[in-house]
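Observations on chain architecture
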Amino acid sequence: MARPHIEPFVELNDDYKNFSLPGFAAHSHYKVLSLDVDTGACTLKMRFDAGYSRKPGMSYADVEIFVLTGTMKVGEQICGEGHYLFVPAGYALGAIDVPEGCEALVMYNDSEPSFVESDTHHALCLKEGFVSTNAYEDAPWAVANLVTPSVASGCMIKVLHYDVLSEALSFIYCMTPQFAQDNISYHDCCEESYHIWGTSWMMQFGDLPTGGYFWRPPYIDHGAFRSKFGTIAFGRTDSKLHNYFHFNPWSNPDENRLRAAAQVYRQRPELYQWIASDGHNHPHGPPDFEHKHYHDNPQIQGFHAQHHHGHDHDH
Amino acid sequence: MSKNVQDEKPARSEEATAWLKQEALAQEARYKKIVKEIDGLQDKRDGWIAEFLQIIQTKGVNVSGDLRRIVTKDEIPEKPDRPDADRVIW
């Protein structure tokens, strides 16, 4: 199975645990926010005590880091609050030093946390994918209408990472004070969020305050939405985000999935018929002459692992 | 076939396997706690849903961005008669 529906999880009152996995230095602590129990992929909130130090090295998973509080030095770069790193698997990240303590979200995307000391990149590393940027300082807020239908005005976004194959996104977003959106939404993708500051409200789950987190699998209703005093959050999707809006408070994920498929049937009928027709089905994804090896991409492989084989692919 | 760094990951160590097992159990307990807490909001949620259904008939439902349309009374869905009708954690 993939990660379960964790919503909401307010982690602030939970204790950190010592990180004792091989390869992880002392003085680092973690809380699991969500975990794929098969692959080990996970989202952690981590605390690095003053004096934490780690030598240069790599992981066998793509890793994302978002600094919540304090400062960490990565190689020669000072990463303060709001700093975001996308570290491709096999990328030899510079030595990490934390002089005064630091908290961060740390996400291992493909497998359980791993660390191998190294000052050179793995031969297969897609090192061009490395991203290092300060989300607070290095990009302007944009209106969140990069997808249509779009959220109501007052929800703003900064995209930090975009996967060209899956269109997965990592981003920060904010809701202005008195933000309101009166509809119910679901998506084809998993959606994840951590509230850095502020409280938002959803009709299904109530308030999500500072320190609130969710991992929401596809096709699960959420909304209507409110934020009285505003909020700022870090978010991710694992593939393309499309907003399916509606106003039925009692639809379930199966009905939502069928409604999404019906939309494909209406809007891309040829493609729907081809995918659905007997003998032309490709549960692992059909060939793509532009991206010949896309099946081998770890992000794409993850989709197949997550797929529930509860139905026949051939009709 | 192209190869990735992920393909060269060594077999999962005993320590990592134990860590994963421990955290999977903790997550299962967390999930059950969340389900209980969210199920406990049902009375409030019924009120929120009633308010939502009123708003979309007066102020309108957001169709895209700030574009709204008024939902007519005959379009309002009825709560289905099935065991998972109130379920919101899946």
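Residues numbered from 1 in each chain as written. Chains lettered and ligands numbered in written order. Predicted model: local features only at pLDDT ≥ 70, side-chain atom pairs only at ≥ 80, totals over all residues. Heavy atoms only, no water.

All right, on to the overall build of chain B then. Each helix and strand counted, chain B has two helices and two strands in total. Reading the helices (α) and strands (β) of chain B from amino to carboxyl end gives α-α-β-β. In terms of overall size, chain B is more extended than a compact globule, its C-alpha atoms giving a radius of gyration of 23 Å where 90 residues would be expected to give roughly 12 Å. C-alpha atoms of chain B, sized along the principal axes, occupy 60 × 40 × 25 Å. Roughly 5800 Å² of accessible area belongs to chain B as shown, and the carbon and sulfur atoms make up 54% of that amount. Here chain B carries 17 positive and 18 negative side-chain charges, and the mean point of each set is 2 Å from the other. (Helix = DSSP H or I, 4+ residues; strand = E, 2+ residues; numbered from the N terminus. Rg over C-alpha atoms; globule rule 2.2 N^0.38 Å. Areas by Shrake-Rupley, 256 points an atom, 1.4 Å probe, with all protein chains shown as cover. Lys, Arg positive; Asp, Glu negative; His and termini not counted. Charge placed at Lys NZ, Arg CZ, Asp CG, Glu CD.)

So, on to the domain arrangement of chain A. Residues and elements named next belong to chain A. Each domain of chain A was delimited in the assignment, giving domain 1 (6-134), domain 2 (142-246) and domain 3 (278-315). Taken residue by residue, the interface counts six residues in domain 2 and seven residues in domain 3. Carbon and sulfur atoms supply 63% of the area buried between domain 2 and domain 3, which totals about 500 Å² over both sides. Summed over the three residues of domain 2 that lose the most area to domain 3, namely Leu165, Ser166 and Asp238, the buried surface amounts to 74% of that side. Counting the contacts that link domain 2 with domain 3 gives zero salt bridges. Counting the contacts that link domain 2 with domain 3 gives two residue pairs in polar contact (both at pLDDT 80 or more). Residue composition of the side of domain 2 that touches domain 3, grouped by class: three nonpolar, two polar and one charged. (Domains from an automatic or database assignment. Contact = heavy atoms within 4.5 Å. Buried area = accessible area lost by both parts, 1.4 Å probe. Salt bridge = Lys/Arg side-chain N within 4 Å of Asp/Glu carboxyl O. Polar contact = N/O pair within 3.5 Å; in protein donor to acceptor, adjacent residues only side chain to side chain. Nonpolar A, V, L, I, M, F, W, Y, C, P; charged D, E, K, R; others polar.)

Once that is clear, we can look at the sheet that holds strand E17 (residues 169-175) of chain A. Residue and element names in this part refer to chain A. Sheet architecture is open: seven strands sit in the order E1-E23-E20-E25-E17-E16-E15, paired in antiparallel fashion. Of all strands in the sheet, those bounded by a partner on one side alone are strand E1 (6-10) and strand E15 (142-143). Alignment of E17 against strand E25 (residues 231-237), held across six bridges, turns out to be antiparallel. Across the sheet, Cys174 pairs through a bridge with Ile232, a residue of E25. (Pairing = 2+ DSSP bridges.)

Counting residues at the interface gives 66 residues for chain A and 53 residues for chain B. Taken together, the two surfaces of chain A and chain B that pack against each other cover about 5000 Å², and 62% of this comes from carbon and sulfur. Among the residues of chain A in contact with chain B, Asp182, Phe247 and Trp250 of chain A are the three that bury the most area, contributing 18% of the side total. Linking chain A to chain B there are five salt bridges. Of the charged contacts in the structure, one is a salt bridge between Arg82 of chain B and Glu255 of chain A, with a shortest N-O distance of 3.0 Å. Taken together, the connections running from chain A to chain B amount to 23 residue pairs in polar contact (both at pLDDT 80 or more). When contributions to the side of chain A that touches chain B are tallied by element, the ones reaching two or more residues are E1, strand E3 (28-35), strand E21 (200-202) and helix H1 (253-267) of chain A.

Further remarks concern the packing of aromatic side chains. In total, this model carries 15 aromatic pairs over all chains according to the counting rule given. Centre to centre, the rings of Phe19 of chain A and Phe24 of chain A are 4.4 Å apart; their planes meet at 10°, and the pair counts as stacked. By way of ring pairs, the aromatic residues Phe19, Phe24, Tyr30 and Tyr108 of chain A together with Trp19 of chain B are connected into one cluster. Its guanidinium or amino end placed over the ring of Tyr16 of chain A, Lys31 of chain A lies 4.6 Å from that ring's centre, counting from NZ or CZ. Just above the ring of Phe9 of chain A sits the side chain of Arg30 of chain B; from NZ or CZ to the centre is 4.8 Å. (Phe/Tyr/Trp six-rings, centres within 6.5 Å; stacked < 30°, edge-to-face > 60°. Lys NZ or Arg CZ within 6 Å of the ring centre and 35° of its normal.)

A few words now on the nonpolar core. Residue and element names in this part refer to chain A. Counting 42 residues, the largest nonpolar core has Phe66, Leu105 and Phe234 as the members making the most contacts within it. The dominant element in this core, judged by the number of residues it contributes, is E17, at six residues. Membership of the second largest hydrophobic core comes to 38 residues, among which are Phe24, Cys42, Met58 and Val63. (Core = buried A, V, L, I, M, F, W, Y, C linked by side-chain atoms within 4.5 Å. Buried < 20%, exposed > 50% of the residue type's maximum accessible area, 1.4 Å probe, protein only.)

Turning to the sheet that holds strand E9 (residues 77-79) of chain A, a few remarks are in order. Residues and elements named next belong to chain A. The four strands lie next to each other as E5-E11-E8-E9, forming an open sheet whose pairing is antiparallel. For this open sheet the edge positions go to strand E5 (52-54) and E9, each flanked by a neighbour on one side alone. The mean inter-strand angle of the sheet, taken between neighbouring strand axes irrespective of direction, is 20°. The pairing of E5 with strand E11 (residues 96-98) spans three bridges and is classified as antiparallel. Among the inter-strand pairings, Ser53 is bridged to a residue of E11, identified as Asp97. (Axes fitted to C-alpha atoms, helices over the stretch in contact; angles between N-to-C directions.)

Turning next to the packing of H1 of chain A against helix H2 (residues 269-276) of chain A. Residue and element names in this part refer to chain A. Running from N to C, H1 and H2 cross one another at 120°; their axes reach a closest spacing of 5 Å. One way to sum up the angle between H1 and H2 is to call them oblique. When H1 is examined against H2, the residues Ala261, Val264, Tyr265, Arg266 and Gln267 are found in contact with a partner set consisting of Pro269, Tyr272 and Gln273. Of the residues that constitute the contact of H1 with H2, the class distribution is five nonpolar, two polar and one charged. (Parallel < 35°, antiparallel > 145°, perpendicular 65-115°, else oblique.)

Residues and elements named next belong to chain B. For helix H2 (residues 42-58), with 17 residues, the first-to-last C-alpha span of 24 Å sits near the 24 Å given by 1.5 Å per residue. The set of residues buried in H2 consists of Gln42, Arg45, Trp48, Ile49, Phe52, Leu53, Ile55 and Ile56. Taken down its axis, H2 places every buried residue within 160° of arc, on the same side. In H2, the exposed positions that point more than 90 degrees away from the buried face belong to Asp43, Lys44 and Thr58. (Expected span 1.5 Å × (residues − 1). Arc of directions from axis to C-beta.)

Next up on the list: the confidence of the model for chain B. Of all residues in chain B, 99% have pLDDT values of 70 or greater, and the mean over the chain is 96. Predicted complex metrics record ipTM = 0.96 and pTM = 0.93. (pLDDT = per-residue confidence, 0-100.)

All names here are of chain A. Most of strand E10 (residues 83-87) is tucked away, with five of its five residues classed as buried. Burial along E10 is two-sided: His83, Leu85 and Val87 facing one way and Tyr84 and Phe86 facing the other are all buried. Bridge analysis of strand E7 (residues 63-70) against E10 gives four bridges, and the strand direction is antiparallel. Within E10, the residue paired with Phe66 across the bridge is Tyr84. Of the strand pairs in this sheet, E10 and strand E14 (residues 131-134) are connected by four bridges, and their pairing is antiparallel. Among the inter-strand pairings, Leu85 is bridged to a residue of E14, identified as Ser132.

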